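# Inside the fold
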Amino acid sequence: MGYKVVVAGATGNVGREMLNILAERQFPVDELVALASRRSLGTEVSFGDKTLKTKDLEGFDFTGYDIALFAIGSDATKKYAPIAASQGCVVIDNSSLYRYDPDVPLVVPEVNPEAVDGYTKKNIIANPNCSTAQMVVALKPLHDRARIKRVVVSTYQSVSGSGKAAIDELWNQTKGMYVPGQEVEPSVYPKQIAFNVIPHIDVFLDDGSTKEEWKMVAETKKIVDKSIKLTATCVRVPVFVGHAESINIEFEEFLDEDEARDILREAPGIMVIDKREDGGYITPVECVGDFATFISRIRQDSTIENGLNLWCVSDNLRKGAALNAVQIAETLGNRCLKKG
Ligand code: 2RA
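Residues numbered from 1 in each chain as written. Predicted model: local features only at pLDDT ≥ 70, side-chain atom pairs only at ≥ 80, totals over all residues. Heavy atoms only, no water.

The name that an unreviewed UniProt entry assigns to the chain is Aspartate-semialdehyde dehydrogenase, with the source organism given as Thioclava dalianensis. As its UniProt record puts it under Sequence similarities (unreviewed entry), the chain is described as follows: "Belongs to the aspartate-semialdehyde dehydrogenase family." (UniProt positions renumbered as here; feature names shortened; annotations may be inferred.)

Structure follows, in structure tokens:
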């Protein structure tokens, strides 16, 4: 006995990963429907060794389906999530639309699995922003040991976070630097991304931060602890897949780097690669396709009392989106949603 599952946005980067991960983790599926927008209708997508033809999201009846994984962006989610939820299907949404709604759980299963129990208020559960998800997996076990006061994080986010067009732009701009006459002007981003970094993700806010940076603050408070003070600088870098983060943490009490390393080694969802030698650390190209949140460069920050630095890398399409969504479905099934 399994679940009747829908993946909405099945032809996008995240939607395809959702299908891959449902199959890889052998999520108990009795029936799976792949939905797409009208322009992608009929596109074939893989689900394990099966090939599914996408059906139209418009007008789809979610009645009788248990779980719907949504990767369709906030605008489409605003239209279709209430429909699915009202027809009795639990929506696990990857967009930012419901993340800050007090009646919608925002869940990273390694951090706050119990939060899924609150899904019944709106029949919706929100997936966090990719840059938040990998970070809180690392923060939570350390916070449990030595209570975090403040976090300063700088992110190095890959272009796949912006979608397929951004991946194409990086590829074509890079080629254009070598092939005379094939220069590619910036279009997805305000400036050239090839061989460059852009300190701007999402829109600017009145205080000079960006919405991506605000998301990391708001979501960390909702998922881990509202007392944690956090400041972020989110940067786009010329990497195809894999977000990296430099994280500086100030604790209420001293936490030795060796103890921190041992705690992280034992923590769920984390792989520590941390040797003080050439190559003794993780880089984004090595995380692609993996489920883990990788941690390296764990070291004391002696410039403040109770300070620690670390380097955090994860596949933003997996832990940052599709994997976390599937893990929420697994947690929902284990805790409260009976099969069939
Ligand atoms: C990005 N976190 O990286 C945002 C959305 N995926 O663009």
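Now that the structure has been shown, the text picks up again.
## Looking at the pattern of salt bridges
With the rule as written, the count across this model stands at 21 salt bridges. Across the pair Asp101 and Lys122 runs a salt bridge whose closest N-O atoms are separated by 2.5 Å. Note that Asp101 is positioned in the loop between β7 (90-93) and β8 (124-126) and Lys122 in the loop between β7 and β8, a separation of 21 residues in sequence. Between Asp144 and Lys140 there is a salt bridge, with the nearest N and O atoms lying 3.1 Å from each other. You can see Asp144 and its partner Lys140 sitting in helix α3 (residues 130-146), four residues apart, about one turn around the helix. One salt-bridge network, held together by shared partners, links Glu17, Glu24 and Arg318. (Salt bridge = Lys/Arg side-chain N within 4 Å of Asp/Glu carboxyl O. Helix = DSSP H or I, 4+ residues; strand = E, 2+ residues; numbered from the N terminus.)

## Some points on the nonpolar core
Among the nonpolar cores identified, the biggest contains 58 residues, and Phe62, Phe70, Leu142, Val151, Ile247, Ile295 and Leu310 are the most heavily contacted of them. If one sorts the elements of this core by residue count, α3 sits on top with eight residues. Discounting residues that sit within four places of it in the chain, Ile295 has contacts with Ala138, Leu264, Ile270, Met271, Val272, Ile273, Asp274, Leu310, Trp311 and Cys312. By size, the runner-up hydrophobic cluster in this structure holds 34 residues, among which are Val5, Leu317, Leu323 and Leu332. (Core = buried A, V, L, I, M, F, W, Y, C linked by side-chain atoms within 4.5 Å. Buried < 20%, exposed > 50% of the residue type's maximum accessible area, 1.4 Å probe, protein only. Contact = heavy atoms within 4.5 Å.)

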